[in-house]
Amino acid sequence: MIELIPAIDIIDGQCVRLTKGDYGQKTVYSDSPATMAKEFEALGFKRLHVVDLDGAKSKHIVNDAVLRAITTHTGLKVDFGGGIKTDEDIEKAFDSGAAMVTIGSVAVTHPELLMGWLEKYGADRIILGADTRHGKISINGWKEDSTEDLLPFLKKYVDAGVRNVLCTEISKDGTLAGPATDLYKQVMEAYPMLHLIASGGVASKEDIEALDTAGIPAVVFGKAIYEGRINLKELIKVKG
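Predicted model, so just to flag it, every value in this text is computed and none were measured.

**Let's talk about the pairing of strand 2 (residues 14–19)**
Line of reasoning, step 1. Across the six residues of strand 2, five count as buried, placing the element largely inside the fold.
Line of reasoning, step 2. Alignment of strand 1 (residues 3–11) against strand 2, held across three bridges, turns out to be antiparallel. Directly across from Ile10, in strand 2, lies its bridge partner Cys15.
Line of reasoning, step 3. Relative to strand 3 (residues 22–30), strand 2 runs antiparallel, the two being bridged by five bridges. If you follow Val16 over to strand 3, its bridge partner there is Val28.
Line of reasoning, step 4. From the end of strand 2 to the start of strand 3, which pair antiparallel, there are two residues, and Lys20 there has a positive phi angle of about 55°.

**Some words on the packing of aromatic side chains**
Line of reasoning, step 1. Under the definition given, this model contains five aromatic pairs.
Line of reasoning, step 2. Aromatic side chains Phe40 and Phe45 sit 6.0 Å apart centroid to centroid with 80° between the ring planes, which places their arrangement in the edge-to-face category.
Line of reasoning, step 3. For Phe40, a relative accessible area of 2% corresponds to the buried category.
Line of reasoning, step 4. Through a chain of ring-to-ring contacts, three or more aromatic side chains come together here, namely Tyr29, Phe40, Phe45 and Tyr226.
Line of reasoning, step 5. Positioned above the aromatic ring of Tyr23 is the side chain of Lys57, whose terminal nitrogen or guanidinium carbon lies 4.8 Å from the ring centre.
Line of reasoning, step 6. One Lys or Arg, Arg125, reaches over the ring of Phe94 and ends 3.8 Å from the middle of that ring.

**Here's the deal with the packing of helix 1 (residues 33–43) against helix 3 (residues 64–73)**
Line of reasoning, step 1. The geometry of helix 1 relative to helix 3 is characterised by a closest axis approach of 9 Å and an angle of 30° between their N-to-C directions. Regarding helix 1 and helix 3, the two cross each other, and that crossing is right-handed. Here Pro33, Ala34, Ala37, Lys38 and Glu41 of helix 1 lie close against helix 3, whose contacting residues are Val66, Ala69, Ile70 and His73.
Line of reasoning, step 2. Tallied by class, residues from the contact of helix 1 with helix 3 come to six nonpolar, one polar and two charged.

**Some words on the nonpolar core**
Line of reasoning, step 1. Ranked by internal contacts, the top residues of the largest apolar core, which has 70 residues, are Leu114 and Phe221.
Line of reasoning, step 2. The residues contacting Phe221, other than those within four sequence positions of it, are Leu4, Ile5, Pro6, Ala7, Phe45, Val202, Ile208, Ile230, Leu232 and Leu235.
Line of reasoning, step 3. One finds Ile5, Ala7, Ile197 and Val220 within the second-largest nonpolar core, a separate group that totals eight residues.

**Quick look at unusual backbone geometry**
Line of reasoning, step 1. A positive phi is found at Asp12, a non-glycine position, where the angle reads about 55°.
Line of reasoning, step 2. As for its placement among the helices and strands, Asp12 is situated in the loop between strand 1 and strand 2.
Line of reasoning, step 3. A positive phi angle, near 65°, is found at Lys59, a position not held by glycine.
Line of reasoning, step 4. Considering the arrangement of structural elements, one finds Lys59 in the loop between helix 2 (53–58) and helix 3.

**Remarks on the side chain of Asn164**
Line of reasoning, step 1. When you line up the elements, Asn164 lands in strand 10 (residues 164–169).
Line of reasoning, step 2. Of the residues examined, Asn164 reaches a relative accessible area of 12% and is grouped as buried.
Line of reasoning, step 3. Only 3.3 Å separates the side chain of Asn164 from the backbone oxygen of Ala123, close enough to count as a polar contact.
Line of reasoning, step 4. Here Asn164 is in contact with Met100, Ala123, Asp124, Ile126, Ile127, Leu128 and His195, once residues within four sequence places are set aside.

**A word on empty space enclosed by the protein**
Line of reasoning, step 1. On inspection of all chains with the given rule, the structure shows one cavity of 30 Å³ or more.
Line of reasoning, step 2. Looking at the largest cavity, it is lined by 41 residues, and the ones nearest its centre are His49, Val51, Leu53, Asp131 and Trp142.

**Notes on helix 8 (residues 181–190)**
Line of reasoning, step 1. Those residues of helix 8 that fall on the buried side of the exposure criterion are Thr181, Leu183, Tyr184, Val187 and Met188. Angularly, the buried residues of helix 8 cover 160° about the axis, an arc narrow enough to put them on a single face. Summarising the geometry of helix 8, the exposed residues directed more than 90 degrees from the buried face are Asp182 and Glu189.
Line of reasoning, step 2. Structurally, helix 8 contributes buried residues whose contacts are with strand 7 (126–133), helix 7 (150–158), strand 10, strand 11 (195–199) and helix 9 (205–213).

The rules behind these values
- Residues numbered from 1 in each chain as written.
- Predicted model: local features only at pLDDT ≥ 70, side-chain atom pairs only at ≥ 80, totals over all residues.
- Heavy atoms only, no water.
- Buried < 20%, exposed > 50% of the residue type's maximum accessible area, 1.4 Å probe, protein only.
- Helix = DSSP H or I, 4+ residues; strand = E, 2+ residues; numbered from the N terminus.
- Pairing = 2+ DSSP bridges.
- Phe/Tyr/Trp six-rings, centres within 6.5 Å; stacked < 30°, edge-to-face > 60°.
- Lys NZ or Arg CZ within 6 Å of the ring centre and 35° of its normal.
- Axes fitted to C-alpha atoms, helices over the stretch in contact; angles between N-to-C directions.
- Left-handed = near helix turned anticlockwise from the far one by under 90°.
- Contact = heavy atoms within 4.5 Å.
- Nonpolar A, V, L, I, M, F, W, Y, C, P; charged D, E, K, R; others polar.
- Core = buried A, V, L, I, M, F, W, Y, C linked by side-chain atoms within 4.5 Å.
- Polar contact = N/O pair within 3.5 Å; in protein donor to acceptor, adjacent residues only side chain to side chain.
- 1 Å grid on protein atoms, 1.4 Å probe; cavity = no way out; pocket = protein on both sides within 12 Å on 5 of 7 lines; lining within 4 Å.
- Points joined across faces, edges and corners; volume = space filled by probe spheres on them.
- Arc of directions from axis to C-beta.

By themselves, these are just geometric observations and shouldn't be taken as functional.
In structure tokens, the structure reads:
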């Protein structure tokens, strides 16, 4: 059964969602991400995806205090991303309670740094962020597109031991237009050993069921929760 991972994105300490990564299209859903996290835990979720959008934009962690509040007040397994560019950033994330970190831009701009982190912390604590737009990997809060193509980019890190990958199709993110299922199927066909986390576009329980049927191991979803498109109690009950 597909792993269900609700998402909390943070700007100015608030729980928000963007559309296609556009900071100008921001909706605030809660002033307290920690309270939202506790609600997810109460529903039966075990894991949470947290993104420091201020950090992604600023190129260093900004909302570590919010991360600490979440990990202090819940028992959720939190994976944290956004702005992790240096040894200091990754240590700050782990010190603030993150169980795992998502590394995206550094994997493109400073691959030797990510390779060192894989060796130091272990592949089980590192998630490779592979966010795509027009087939290219995007970096720095999705503000820039690199020259890296998705599948060759993944191969480099799969060969280095990476097994956790978060893949967002940026054109789908925050649109509630349905996930890029065909893209995720291509990734799984190429690298069946991956614990691939699909992200972007999920609008309904049926979208999640379709990803599950396609053999996608995990899914992150956020806007569909906050817009009331998915009944979380029903979803958890179905998952059993």
